[in-house]
Amino acid sequence: MLGLDVSSSIAAQQVEQPGYIESVNSQSPQVVQPPVTGLVSTLSDEVKESTTNLINWSTYWNLCWEAYPGAKEYELQKVLVDGESPDLQRQSDRCFHLQAASNQNLKSQGLLNRDLILLVHKTQLAYRVRAVLDDNRVSEWSTVMAVGATTEPESNATSISVNPS
């Protein structure tokens, strides 16, 4: 049986981004080839130390992709264990950021339960992206990328910043 510290966060939280717009479902757009490509996903950690020998940390999952010719915006769709979400998230930026894990624990424990929380997300939550073009057209969907997964070796994909409180 797995146990998590009560302060561990399993819920992924979207990070506010400039240019983020909630999509409104309207008439079905025409789908054109090719799909969005060049997806790169990385992890970054932020650690804030306190004077009480505790740390507050967060791990962010970052998904970026190549510019799509003629794209006005991009739409992201959550892909869950039980299927795709009908809600689309629209944004102008070519990168998407999500807080994938967080915790507060003793400094000596490091990033306690980080790998376990990320593993839960990798098995339950993913995203795919498509370009929004003019004349009610969109590109094919990209490949699906699991939240918490990286496209680079772990040693190169994780960066840590430490901020004393």
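Just so you know, these numbers come straight off a predicted model, no measurement behind them.

K.L.:
Please give an account of the pairing of strand β9 (residues 125-132) that cites residues and values.
P.N.:
Along any regular strand, the residues point their side chains to alternate faces of the sheet. For β9, a buried count of eight out of eight residues is recorded, marking the element as mostly surrounded by other parts of the structure. Both strand β6 (residues 73-80) and β9 contribute to a ladder of eight bridges, which runs antiparallel. The residue bridging Glu-75 from the neighbouring strand is Arg-130, located in β9. Strand direction decides the pairing type here: β9 and strand β11 (residues 145-146), joined by two bridges, are antiparallel. Across the sheet, Ala-126 pairs through a bridge with Ala-146, a residue of β11.

K.L.:
Please set out the pattern of salt bridges residue by residue, giving values where relevant.
P.N.:
Two side chains that carry opposite charge are able to pair once their charged atoms sit near each other. Per the stated rule, a full pass over the model turns up seven salt bridges. Salt-bridge contacts for Arg-114 lead to Asp-45; the nearest nitrogen and oxygen are separated by 3.0 Å. On the criterion of sequence distance, the pair formed by Arg-114 in helix α1 (residues 114-124) and Asp-45 in strand β4 (residues 40-49) is long-range, its members being 69 residues apart. Taken individually, Arg-114 and Asp-45 each receive the classification buried, so the pair is uniform in this respect. Among the salt bridges present, the one from Arg-90 reaches Glu-73, with a minimum N-O distance of 3.4 Å. On the criterion of sequence distance, the pair formed by Arg-90 in strand β7 (residues 83-91) and Glu-73 in strand β6 is long-range, its members being 17 residues apart. Among the residues examined, Arg-90 registers a relative accessible area of 22% and is labelled partly exposed. A single salt-bridge network, built from bridges that share partners, covers Glu-73, Glu-75, Arg-90 and Arg-130.

Rules and cut-offs
Residues numbered from 1 in each chain as written. Predicted model: local features only at pLDDT ≥ 70, side-chain atom pairs only at ≥ 80, totals over all residues. Heavy atoms only, no water. Buried < 20%, exposed > 50% of the residue type's maximum accessible area, 1.4 Å probe, protein only. Helix = DSSP H or I, 4+ residues; strand = E, 2+ residues; numbered from the N terminus. Pairing = 2+ DSSP bridges. Salt bridge = Lys/Arg side-chain N within 4 Å of Asp/Glu carboxyl O.

Keep in mind these numbers describe shape, not what the thing actually does.
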